[in-house]
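# Structural overview for review
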Amino acid sequence: MSAVVIPFRFARRLPQIRKTAAFMATVPGNHAEGHLREQLRRLEEGLRKKGVAEPLIRSEVGSYEGAIRAHLWRLLLSQGGAA
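Residues numbered from 1 in each chain as written. Predicted model: local features only at pLDDT ≥ 70, side-chain atom pairs only at ≥ 80, totals over all residues. Heavy atoms only, no water.

### Remarks on helix H1 (residues 14-26)
Note that an α-helix has 3.6 residues per turn; residues three or four places apart therefore point the same way. A rise of 1.5 Å per residue sets the reference length of H1, with its 13 residues, at 18 Å; its end C-alpha atoms lie 18 Å apart and thus fit the reference within 8%. When H1 is considered as a whole, its buried residues turn out to be Ile17, Thr20, Ala21 and Met24. End-on, the buried residues of H1 take up no more than an arc of 95°, which puts them together on one face. Exposed residues on H1 whose side chains face more than 90 degrees from its buried face are Pro15, Lys19 and Thr26. (Helix = DSSP H or I, 4+ residues; strand = E, 2+ residues; numbered from the N terminus. Expected span 1.5 Å × (residues − 1). Buried < 20%, exposed > 50% of the residue type's maximum accessible area, 1.4 Å probe, protein only. Arc of directions from axis to C-beta.)

### Notes on the packing of H1 against helix H2 (residues 29-49)
Where H1 contacts H2, the axes come no closer than 8 Å and their chain directions differ by 155°. What the angle tells us is that H1 and H2 run roughly antiparallel. Where H1 crosses over H2, the handedness of that crossing is right-handed. The residues of H2 that touch H1, namely those facing Thr20, Phe23 and Met24, are His31, Ala32, Glu33, His35, Leu36 and Gln39. Of the residues contributing to the contact of H1 with H2, the split by class is four nonpolar, four polar and one charged. (Axes fitted to C-alpha atoms, helices over the stretch in contact; angles between N-to-C directions. Parallel < 35°, antiparallel > 145°, perpendicular 65-115°, else oblique. Left-handed = near helix turned anticlockwise from the far one by under 90°. Contact = heavy atoms within 4.5 Å. Nonpolar A, V, L, I, M, F, W, Y, C, P; charged D, E, K, R; others polar.)

### Quick notes on the environment of His71
You can see His71 is positioned in helix H3 (residues 54-79). A relative accessible area of 15% means that His71 is categorised as buried. Note: C-alpha distance between His71 and Ala21 (50 residues apart in sequence) is 6.2 Å. Excluding anything up to four places from it in sequence, His71 contacts Ile17, Arg18 and Ala21.

Here is the structure:
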């Protein structure tokens, strides 16, 4: 018997998204990008270990990254940090 593993949508994990974006807003750009890449790598690895199908992993990681980047932009624009 096999089962399809469907994770909770990571793009809806608002506290985690806010925390990551807030951290990224406080560090230099290259460090922020490295931090995000590491977070996405961990997410991808964790989903793979749980047996989630590759297309769903790519979808989840992409959605999560988009949610973080969108929140980061909102933070930067509301703080006047984007020049």
